[in-house]
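What the coordinates show
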Amino acid sequence: MAAVSTIYSTQALNSTHFLTSSPSSSTSKQVFFYRRHQSQTNRRFNTIITCAAQQTVVIGLAADSGCGKSTFMRRLTSVFGGAAEPPKGGNPDSNTLISDMTTVICLDDYHSLDRTGRKEKGVTALDPRANDFDLMYEQVKALKSGIAVEKPIYNHVTGLLDAPELIQPPKILVIEGLHPMFDERVRELLDFSIYLDISNEVKFAWKIQRDMAERGHSLESIKASIEARKPDFDAFIDPQKQYADAVIEVLPTQLIPDDNEGKVLRVRLIMKEGVKYFSPVYLFDEGSTISWIPCGRKLTCSYPGIKFNYEPDTYFDHEVSVLEMDGQFDRLDELIYVESHLSNLSTKFYGEVTQQMLKHADFPGSNNGTGLFQTIVGLKIRDLYEQLIANRATVPAEAAKA
Amino acid sequence: MTTVAATGLNVATPRAVVLPAARLHAPVRLNYPWKFVSMNRMVMSVKATSEGEISDKVEKSIQEAKETCADDPVSGECVAAWDEVEELSAAASHARDKKKAGGSDPLEEYCSDNPETDECRTYDN
């Protein structure tokens, strides 16, 4: 049903009238075509054609520390095609990434306190008191309904809140940061949510790799920094993983005894069952427990090899399926071999996962489960997006027929 | 208007039911958000911050954090100071990556901005 709110005077016989639908009905614009028969019959032919006005799909990604340029985002935008770049001609320290189909927003932009403000109050960026969830909710809601917003910019270098930038509503909006699923209203807006859960040992190893090159940093300072942030992290960020539709858990490997380098990783993809438009990836047989080592007669791998696990499980009182990979890929044929044995990948052609991984072979994690599962989640999001769009297009057509 | 009269369509009494039109202030404003933005922002220098600056900041923040925490290891100030260290370290590593990624090959840089020029066209299929 479309309530007519305004009608403009008819100028020609066969004309189209643009009618904005009332707020209570769907947000899509409806174009009414009026045609009068020459034979002056009383029957009117109304054809309703709906142009789906910007039905944005919103994805949430929760990950610790820093955002905007992370590997996951680059893989995700690459699945949809095109490279994601900061908005041209704007603030060079903007955290936003824009590609043809996706826009990635860093939730640090919604800090209510800048760095000096936080230092005065003695709160970390992880604390919800340092973030403006009302503004976050309003702007994400506006973008989801197809309205452009002026989003503030948090400059990570200066620690200040810069002048806002204009964000146009994209087809796919990704909100990335520390608190995408913290606020309940924002959570309701998300069509799909992902949580990157890095275990403490791996986090420590990664931070060492990242920060040892910086002068001023030492092992102690890195350790102190992680430990100081831990209470706030456990209190505010970690509980979000129970709301996520997919959790990528990164743990130290079990293939190498006493490995503390953190180079070989064990990665678990925990996928919630029963999520609309999301069908979990499985190995050989859905819902069964499988342990699989692909290296053997048909495939030779170098040390420490690859081990896969698949099993149903419960995670925070939800039914989940867990796909786990321990080890590293060394060669292309290992990757394609593994891909050919996984099911429900939502690829459009055979070898798409391998192709995506090879396209970004220089990204960190391209040789282990992190890259593999990030790519798979990217394909799942593409699948979810296509199903959502197809569904939204058919619903108004059915309503018109009724 | 002649076509209207010729075909006998009576404009005075439109057939559709017309409810009182709501004044379309809000949607109109939202349709053209750029028209209502105030242009009196401060002119900021658009130069991106250099890597050396960030490294200095990281070093300074670590010093500050150590000092703040020497007094009271569990206070909010100490935690906030280490959080700042973490934030700056992340920014420093991003700056390093950006420097490594771009700026190495002038052709790549040019082509990322102008992919349609002859030198930059790629044929995948």
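Residues numbered from 1 in each chain as written. Chains lettered and ligands numbered in written order. Predicted model: local features only at pLDDT ≥ 70, side-chain atom pairs only at ≥ 80, totals over all residues. Heavy atoms only, no water.

**Things to note about the overall build of chain A**
- The helix and strand tally for chain A stands at 9 helices and 17 strands.
- The 402 residues of chain A split such that 54% are buried.
- When contacts within chain A are restricted to residue pairs at least 6 apart in sequence, those whose partners lie at least 24 apart make up 63%.
- Within the structure as shown, chain A displays about 18,100 Å² of accessible surface, and the carbon and sulfur contribution to it stands at 53%. (Helix = DSSP H or I, 4+ residues; strand = E, 2+ residues; numbered from the N terminus. Buried < 20%, exposed > 50% of the residue type's maximum accessible area, 1.4 Å probe, protein only. Contact = heavy atoms within 4.5 Å. Areas by Shrake-Rupley, 256 points an atom, 1.4 Å probe, with all protein chains shown as cover.)

**Considerations on helix α5 (residues 200–211) of chain A**
- Counted at 1.5 Å a residue, the expected span for α5 of chain A with its 12 residues is 16 Å, and the 16 Å between its end C-alpha atoms agrees.
- All of the buried residues along α5 of chain A are V202, K203, A205, K207, R210 and D211 of chain A. (Expected span 1.5 Å × (residues − 1).)

**A word on the domain arrangement of chain A**
Residues and elements named next belong to chain A.
- When the domains of chain A are assigned, the result is domain 1 (53–197) and domain 2 (245–393).
- One C-alpha centre belongs to domain 1, the other to domain 2, and the line joining them spans 26 Å.
- With 23 residues of domain 1 in contact, the opposing surface of domain 2 contributes 28 residues.
- Taking both sides of the interface into account, the surface hidden between domain 1 and domain 2 amounts to around 2,400 Å²; carbon and sulfur atoms contribute 64%.
- Considering only the side of domain 1, the residues that lose the most area to domain 2 are R75, V79 and F192, jointly responsible for 32% of the buried surface there.
- For the interface between domain 1 and domain 2, the tally reads 1 salt bridge.
- A salt bridge links D191 to R392; its shortest N-O distance comes to 4.0 Å.
- Between domain 1 and domain 2 we count 12 residue pairs in polar contact (both at pLDDT 80 or more) in total.
- Within the residue set of the side of domain 1 that touches domain 2, elements represented by two or more residues are β4 (57–62), α1 (71–80) and β10 (192–198). (Domains from an automatic or database assignment. Buried area = accessible area lost by both parts, 1.4 Å probe. Salt bridge = Lys/Arg side-chain N within 4 Å of Asp/Glu carboxyl O. Polar contact = N/O pair within 3.5 Å; in protein donor to acceptor, adjacent residues only side chain to side chain.)

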